[in-house]
Amino acid sequence: MHKSKPEPVCRLEVFTGAGRRRTWTAEQKAQVLAESYESGEKAAVARRHGLTPQQLFGWRRDARRAVTRRRLGDRTGGSSSAFAPVIVEAAQPRTQVPIAPAQLSGSPTIEIVIGSAIIRIPPGTDAAALATVLRAVKAAT
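The present account deals with the structure reproduced in this document. (Residues numbered from 1 in each chain as written. Predicted model: local features only at pLDDT ≥ 70, side-chain atom pairs only at ≥ 80, totals over all residues. Heavy atoms only, no water.)

A few words now on the side chain of arginine 60. Considering the arrangement of structural elements, one finds arginine 60 in helix H3 (residues 53-71). Of the buried charged residues, arginine 60 lacks a salt bridge, with glutamate 38 as the closest side chain of opposite charge at 11 Å. Within polar-contact distance, the side chain of arginine 60 engages the side chain of serine 36 at 2.9 Å. In this structure arginine 60 touches Leu33, Ser36, Tyr37 and Lys42, once residues within four positions along its chain are discounted. (Helix = DSSP H or I, 4+ residues; strand = E, 2+ residues; numbered from the N terminus. Buried < 20%, exposed > 50% of the residue type's maximum accessible area, 1.4 Å probe, protein only. Lys, Arg positive; Asp, Glu negative; His and termini not counted. Salt bridge = Lys/Arg side-chain N within 4 Å of Asp/Glu carboxyl O. Polar contact = N/O pair within 3.5 Å; in protein donor to acceptor, adjacent residues only side chain to side chain. Contact = heavy atoms within 4.5 Å.)

Printed below as a string of structure tokens:
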């Protein structure tokens, strides 16, 4: 099949040499990173130095993590999770409030004990009013 338009020319890079991984000194990496931050053209900077954009992004991520660790004083041990010290104290003794004996006669009531306060709730009590009373008692104790 004959095409009327010529095919576009693609860029092709040929690497010569032993084909091993390149090693970069810390100074070389710092120079490439600084250039990538200054120009804002990360992919172009990577190509200019014979890197893939992914490799440059990895270097940038590692540099950000190193700065964060330095700011934290490396308290996290190089991990993204951290531990905080926890102190568990014995529970404070509570005063025993006597519970009224159950009443078998009459209409059922609910008793709520908060601290030294006893709240008796008769049947048909408005839920909003009860919530207001409970908040007030809780705040007072």
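Next comes the rest of the account.
Formed by Trp24, Val32, Leu33, Val45, Ala46, Leu51, Leu56 and Trp59, the largest nonpolar core amounts to 8 residues. For this core, the secondary structure elements donating two or more residues are helix H1 (26-39), helix H2 (42-48) and H3. Excluding its chain neighbours within four sequence positions, the residues that come into contact with leucine 56 are Val32, Leu33, Ser36, Lys42, Val45 and Ala46. (Core = buried A, V, L, I, M, F, W, Y, C linked by side-chain atoms within 4.5 Å.)

So, about the pairing of strand S1 (residues 110-114). Taken together, the 5 bridges between S1 and strand S2 (residues 117-121) define a ladder with antiparallel strand orientation. In the sheet register, isoleucine 110 faces S2, and the bridge partner there is isoleucine 121. Between S1 and S2, which pair antiparallel and follow one another directly, the connecting turn spans 2 residues, one of which, glycine 115, has a positive phi of 65°. (Pairing = 2+ DSSP bridges.)

A cluster of like positive charges, contributed by Arg64, Arg65, Arg69, Arg70 and Arg71, occupies part of the molecular surface. Structurally, arginine 64 is set in helix H3. Look at arginine 64 and you get partly exposed, because its relative accessible area is 46%. (Patch = residues over 30% accessible without salt bridge, like charges linked within 9 Å, V, L, I, M, F, W, Y side chains within 5 Å. Areas by Shrake-Rupley, 256 points an atom, 1.4 Å probe, with all protein chains shown as cover. Charge placed at Lys NZ, Arg CZ, Asp CG, Glu CD.)

Close approach of charged atoms allows side chains with opposite charge to pair. As enumerated under the stated definition, the model contains 3 salt bridges in all. Residue arginine 61 pairs with aspartate 62 through a salt bridge whose shortest N-O separation is 4.0 Å. Look at arginine 61 and you get partly exposed, because its relative accessible area is 38%. Its relative accessible area of 41% is what places aspartate 62 among the partly exposed residues. Between glutamate 111 and arginine 120 there is a salt bridge whose closest N-O contact spans 2.9 Å. The exposed category is assigned to arginine 120, whose relative accessible area is 52%.

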